[in-house]
Amino acid sequence: MKRITYIYTWFLLIAYYGMTVFSFSRNLTILPYLVMAVLTAYAIVRLRFPISFRNPVFLLLIYELYIVAVSIYMGADFRGGIMSTIRIIMLILATNYAVQSDYSAFLKATFDFSALFFTLNTLVVLFFPNGILDDTSLRYPVYILGTRNSMGSGIITLMILNFLYAHGKNKSIRRKVWIINLVGAISSVMLWSATSMIGIILIVMFAFIDSIKWLKKIIDKISIIHIYLMGIAIFFVFQVFQLQAYFSYFIEVILKKTITMSARTMIWTKAIDLFLENKYIGYGTYNREILDVVYFAPDNAHSLFLEILLMGGLIGFIIFSAICISMAMNKVKGQFISGYHWIKCFFIILMVMGISESTILYYGLIIFVVIASYMLDIKKNRQVTICSR
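Computed from a predicted model, the values in this text were never measured in an experiment.

J.: Quick question: what am I supposed to make of the overall build of the chain here?
T.: Looking only at helices and strands, the chain has 15 helices and 0 strands in total. Scored against the burial criterion, the 389 residues of the chain give a buried share of 56%. Put simply, 76% of the contacts in the chain that link residues at least 6 apart link residues at least 24 apart. Just so you have it, the chain exposes about 17500 Å², and 67% of that area is on carbon and sulfur atoms.

Here it is as structure tokens:
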């Protein structure tokens, strides 16, 4: 079973991370979807899946199915819109199966995948700074692990999973994880994605949490619900009230961005107006042209919560909130879960990066499912560690 899970996870990661690159080739676009469909079918046949509103994975599926229903109702494009949600549903089911099948084999495969593709991606960024596709019509350069912003979110997701894999392991394995994660981080540093840089800095801080006593005390005291409420507060500060002027030094000097955060303030204003026009059910996988702001149409709302509100309205926001609350409730009471601080780390990164990017949500769903699936297994099997030693 361990070998099967290992191979299964490799196909899963290649298919999901390869969708961005393959989407630019007419002949290969369908290939990763076919692979994901086969993996999902296999997962459905062998799945151990409790249908319960206390199960975060079940709630994730409810959320994505709701987005599909809204998309169909709002007349979204099938190929570019609805299919993107269907691939996320397949990702949820396939990842849930892999984690519950053999958690340690899943993380080992994730680490080996990272070792290969972090190296390839960094070499491509180094020697092909304009991307691997010779197409001047593309808005953003495409690399092995996607475009610049989506690549950063994907790398950060894998880095967190790699540190989960390293937790409790010997020094040799921990050293290898640090090296591989450093190689992955180099790509974001070279392309200077400010959002990704913040995420990487947070990951490094959490990696040294045992040495940073003040940080450890804070993390021990706060819960996932506290972090989620912090994210909502940040959303109101930056997106609703747009108080960026109070953080001008950090934005302009440290992050080297304009006070509009590369025109994001215009996108947020447009997104809020659109949300207010259809605030209950949203627009589903909306046509990105509706966010057209003067001289360009962005690929997303560049905000975690605005993306959720645009796609699912208030109903979608309530379901997403229920997922986060369910994640907090599923912690094993009275037991210390080794590595649990990485779960909180992910939520903090999700909320902080969600200030200016929503791509972390799509890649971060892997971590959502990994955490939720394994925590359910902890409660079922009475295990006390989040990672096998």
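J.: When you look at the nonpolar core in this model, what are you seeing that I'm missing?
T.: Note that soluble globular proteins tend to have their nonpolar side chains buried in a common cluster. If you look at the biggest cluster of nonpolar residues, it comprises 121 residues, and the most contacted ones within it are Tyr 16, Phe 320, Phe 347 and Phe 368. The element best represented in this core is helix α13 (residues 304-329), accounting for 13 residues. If near-sequence neighbours (up to four positions away) are discounted, Phe 347 is found in contact with Ile 224, Ile 227, Cys 324, Met 327 and Phe 368.

J.: Hey, could you run me through a nonpolar patch on the surface in this one?
T.: The grouping of Phe 236, Val 240, Phe 241, Leu 243, Tyr 246, Phe 247, Tyr 249, Phe 250, Val 253 and Ile 254 at the surface amounts to a nonpolar patch, some 1000 Å² of accessible area in total. Broken down by secondary-structure element, the contributors of at least two residues to the nonpolar patch are α10 (224-240) and α11 (248-254). No other element matches the 4 residues that α11 contributes to the nonpolar patch. For Phe 236, a relative accessible area of 37% translates into the label partly exposed.

J.: Any chance you could explain the packing of α10 against α13 here in plain terms?
T.: The angle between the axes and the distance between the axes are what describe a pair of packed helices. Two elements in contact, α10 and α13, have axes separated by 9 Å at closest approach and are oriented at 160 degrees. Our classification of the angle between α10 and α13 gives roughly antiparallel. In contact with Ile 224, Ile 225, Tyr 228, Gly 231, Ile 232, Phe 235 and Gln 239 of α10, α13 contributes Phe 305, Leu 306, Leu 309, Phe 317, Phe 320, Ser 321, Cys 324, Met 327 and Ala 328. Tallied by class, residues from the contact of α10 with α13 come to 13 nonpolar, 3 polar and no charged.

J.: Which parts of the structure should I look at to understand helix α8 (residues 194-207)?
T.: One turn of the α-helix equals 3.6 residues, which is why residues spaced by three or four share an orientation. Here α8 contains 14 residues, and its C-alpha end-to-end distance of 20 Å stays within 8% of the 20 Å for a straight helix at 1.5 Å per residue. Residues of α8 that are buried include every one of Ala 194, Thr 195, Ser 196, Met 197, Gly 199, Ile 200, Leu 202, Ile 203 and Phe 206, and no others.

J.: Can you help me understand the confidence of the model for the chain in this one?
T.: Residues shown with low pLDDT carry predicted positions that ought not to be read at fine detail. Residues of the chain with pLDDT of at least 70 account for 82%, and the chain-wide mean is 80. Ignoring residues within four places in sequence, the model shows residues 332-338, a span with pLDDT below 50, making 18 contacts including any to other chains.

J.: Looking at this structure, I do not really get the side chain of Ser 196. What am I missing?
T.: Mapped onto the secondary structure, Ser 196 falls in helix α8. Ser 196 gets classed as buried once you look at its relative accessible area, which sits at 1%. Among residues more than four places away in sequence, those in contact with Ser 196 are Gly 152, Ser 153, Ile 156, Ser 188 and Met 353.

J.: Help me out: how do you make sense of the environment of Ile 7 in this one?
T.: Residue position: Ile 7 is located in helix α1 (residues 2-22). Along the chain, Ile 7 and Ala 109 lie 102 residues apart, while their C-alpha atoms are 7.5 Å from each other.

J.: Teacher, can you tell me more about the pattern of salt bridges here?
T.: When charged atoms on two side chains of opposite charge get close, those side chains can pair. The full count for this structure, using the stated rule, is 2 salt bridges. As a salt-bridge pair, Lys 108 and Asp 112 come within 2.7 Å of each other at their nearest N and O atoms. Residue Lys 108 and its partner Asp 112 are both found in helix α5 (residues 103-127); the two are separated by 4 residues, about one turn of the helix. Using a relative accessible area of 31% as the deciding quantity, one classes Lys 108 as partly exposed.

J.: For this particular structure, what's the right way to read the packing of aromatic side chains?
T.: Aromatic ring pairs are reported here in terms of the distance separating the ring centres and the angle at which the planes meet. Under the criterion given, the structure shown has 18 aromatic pairs. Here the aromatic rings of Tyr 228 and Phe 320 are separated by 6.2 Å at their centres, their planes lie at 45 degrees, and the arrangement is tilted. Of this pair, Tyr 228 sits in helix α10 while Phe 320 sits in helix α13, and the two are 92 residues apart along the sequence. Of the two residues, Tyr 228 and Phe 320, neither departs from the other in class, the shared state being buried. Measuring from ring centre to ring centre gives 5.5 Å for Phe 235 and Phe 236, while their planes differ by 75 degrees; the resulting arrangement is edge-to-face. Given the relative accessible area of 8%, Phe 235 is considered buried. Here the aromatic cluster, defined as three or more aromatic residues joined through ring pairs, consists of Tyr 63, Tyr 228, Phe 235, Phe 236, Phe 241, Phe 305, Phe 317 and Phe 320.

J.: Hey, could you run me through helix α7 (residues 171-191) in this one?
T.: For α7, spanning 21 residues, the distance from its first C-alpha to its last is 31 Å, which sits close to the expected 30 Å at 1.5 Å a residue. Of the residues flanking the start of α7, the one acting as N-cap is Asn 170, its side-chain oxygen 3.2 Å from the backbone nitrogen of Ser 172.

Parameters and conventions
- Residues numbered from 1 in each chain as written.
- Predicted model: local features only at pLDDT ≥ 70, side-chain atom pairs only at ≥ 80, totals over all residues.
- Heavy atoms only, no water.
- Helix = DSSP H or I, 4+ residues; strand = E, 2+ residues; numbered from the N terminus.
- Buried < 20%, exposed > 50% of the residue type's maximum accessible area, 1.4 Å probe, protein only.
- Contact = heavy atoms within 4.5 Å.
- Areas by Shrake-Rupley, 256 points an atom, 1.4 Å probe, with all protein chains shown as cover.
- Core = buried A, V, L, I, M, F, W, Y, C linked by side-chain atoms within 4.5 Å.
- Patch = residues over 30% accessible without salt bridge, like charges linked within 9 Å, V, L, I, M, F, W, Y side chains within 5 Å.
- Salt bridge = Lys/Arg side-chain N within 4 Å of Asp/Glu carboxyl O.
- Axes fitted to C-alpha atoms, helices over the stretch in contact; angles between N-to-C directions.
- Parallel < 35°, antiparallel > 145°, perpendicular 65-115°, else oblique.
- Nonpolar A, V, L, I, M, F, W, Y, C, P; charged D, E, K, R; others polar.
- Expected span 1.5 Å × (residues − 1).
- pLDDT = per-residue confidence, 0-100.
- Phe/Tyr/Trp six-rings, centres within 6.5 Å; stacked < 30°, edge-to-face > 60°.
- Polar contact = N/O pair within 3.5 Å; in protein donor to acceptor, adjacent residues only side chain to side chain.

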